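What the coordinates show
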Amino acid sequence: MFSLPQNFLQPPPLQPGDRLTVVSPSGSLRELAALQKGVEIWRSWGYEVTFSQGYENRQGYLAGTDQQRRQDLLNAWLDPQCKGILCSRGGYGSARLLEDWQWPEISQPKWVLGFSDVTGILWSLLKSGIISLHGPVLTTISDEPDWALERLRVHLQGFPLTPLTGNSWQKGKARGRLVAGNLTVATHFLGTPWQPNLANVILAIEDVTEAPYRIDRMVTQWRASGNLSQVAGIALGRFSECEAPAGFPSWTVEEVLGDRLGDLGIPVVADLPFGHGGVNAILPVGSEVELDGDAGTLSFL
């Protein structure tokens, strides 16, 4: 476990003509048509999109060996011409890269964008005090509605983020650093050197294709480990395709989350527009936010 730095650095705004590098830090690339659509979106905004040497590599279910993927990420980070890193997809594999990993110091931090398994990359940047973006990977960005794309585009140019609105589950207001990610990936980081100290943070989580009992098991682990007693507030995104198998007696995932989070005495806002299987509005991981359980909003300070 590591403590969050007192001060965080936000990468500088992007300018038309800036170079963005595509890396595949997790699963092997399969969605080539979706990838090309994503590239076209970024290029239509005026950016130069380049590809890491091994973005199409395959090693079992991984996008190349750990060393290949680690080197591609490192090369993009150290390239002075690269202003941002676009993760091609999620899947699995980011945790393998983090063994003995440390982000080298560079003159200016750069944007890193992704979600799902990229949670590992985003959380590792927290340790260095660098804000990153939880949001669509290159193979999902073409599915985003216009408002979410515009919100991403203008934020990268230096404009503040507009609040997100969901449904209030538990009242109250809380401020803190935003720590966002996929619940399954984040759960496997608990008790490891990649877990940030969660005291007074706003925790934003989402998941996909996990049966309600599995969500229950993971959240119960968060409770038993003492981590949920430390957070200041919880922002819930989409839990898509998280239904029980047919004929299996079960609570719904909403009932599970309500049961496991309802007695914490902190604000909880659900149904916020981020995660798999729908709009995935960007969240600045490491930034200061306010979660308003009365109004059902997540605001970015």
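Heads up: the structure comes first, above all this text.
Here is a short report on the structure shown in this document. (Residues numbered from 1 in each chain as written. Predicted model: local features only at pLDDT ≥ 70, side-chain atom pairs only at ≥ 80, totals over all residues. Heavy atoms only, no water.)

**Here we look at the overall build of the protein**
Of regular secondary structure, the protein possesses eight helices and 14 strands. By the compact-globule yardstick of 19 Å for 301 residues, the protein fits well, its C-alpha radius of gyration being 18 Å. Judged by the C-alpha coordinates and their principal axes, the protein covers about 50 × 40 × 40 Å. Classification of the 301 residues of the protein by burial places 57% in the buried group. Counting contacts in the protein only where the partners sit at least 6 residues apart, residues at least 24 apart contribute 83% of the total. (Helix = DSSP H or I, 4+ residues; strand = E, 2+ residues; numbered from the N terminus. Rg over C-alpha atoms; globule rule 2.2 N^0.38 Å. Buried < 20%, exposed > 50% of the residue type's maximum accessible area, 1.4 Å probe, protein only. Contact = heavy atoms within 4.5 Å.)

**What to know about the pairing of strand β8 (residues 173-182)**
In terms of burial, β8 is largely enclosed, as eight of its 10 residues are buried. Across five bridges, β8 lies against strand β13 (residues 288-292) in antiparallel orientation. Among the inter-strand pairings, K173 is bridged to a residue of β13, identified as D292. Pairing analysis gives five bridges linking β8 to strand β9 (residues 202-208), with the strands arranged parallel. (Pairing = 2+ DSSP bridges.)

**Points about the sheet that holds β9**
Overall, mixed pairing links the eight strands, which are arranged β6-β14-β13-β8-β9-β10-β11-β7 in an open sheet. Here the strands that pair on one side only, and so sit at the sheet edges, are β6 (164-165) and β7 (167-170). The sheet contacts of helix α8 (residues 253-261) involve β7, β10 (233-240) and β11 (268-270), and relative to β10 the element is tilted by about 165°. (Axes fitted to C-alpha atoms, helices over the stretch in contact; angles between N-to-C directions.)

**Side note on the sheet that holds strand β12 (residues 283-285)**
Whenever strands of a sheet pair, they do so through backbone hydrogen bonds, lying parallel or antiparallel. Spatial ordering of the open sheet is given by β2-β1-β3-β4-β5-β12, a layout of six strands whose pairing is mixed. The open sheet has two free edges, formed respectively by β2 (48-51) and β12, since each of these has just one partner strand. Strand-to-strand, the axes of this sheet are offset by a mean angle of 25°, without reference to chain direction. In this structure, strand β4 (residues 111-114) lies alongside strand β5 (residues 132-134), joined through two bridges in parallel fashion. Bridge pairing in β5 places L113 opposite L133.

**Observations regarding the state of the cysteines**
Tallied over the entire structure, the rule returns zero disulfides. With no disulfide of its own, C87 lies closest to C82 among cysteine sulfurs, the gap being 11 Å. Owing to a relative accessible area of 1%, C87 belongs among the buried residues under this scheme. (Disulfide = S-S within 2.5 Å.)

**Observations concerning helix α1 (residues 32-44)**
Helical geometry: 3.6 residues make up each α-helical turn, so side chains three or four residues apart lie on a common side. An ideal rise of 1.5 Å per residue puts 18 Å on 13 residues; α1 measures up with 18 Å between its terminal C-alpha atoms. Listed as buried for α1 are A34, L35, G38, V39, I41 and W42. An end-on view of α1 places all buried positions within 155° of arc, on one side of the element. In α1, the exposed residues that point more than 90 degrees away from the buried face are A33, K37 and S44. Elements that come into contact with the buried residues of α1 comprise β1 (19-23), β2, β3 (82-87), β4 and α5 (146-156). (Expected span 1.5 Å × (residues − 1). Arc of directions from axis to C-beta.)

**Side note on the environment of G84**
Topologically, G84 is positioned in strand β3. A sequence separation of 72 residues divides G84 from P12, and the C-alpha atoms of the two residues are 10 Å apart. Beyond its immediate chain neighbours, meaning those up to four positions away, G84 contacts R19, L20, T21, K110 and W111.

**Considering the pairing of β3**
With respect to burial, β3 is a largely interior element, five of its six residues being buried. By the bridge criterion, five bridges tie β1 to β3 in an arrangement that is parallel. Paired with T21 across the bridge in β3 is I85. Bridge count between β3 and β4: three bridges; the pairing is parallel. When the bridges of β4 are listed, I85 appears paired with V112.

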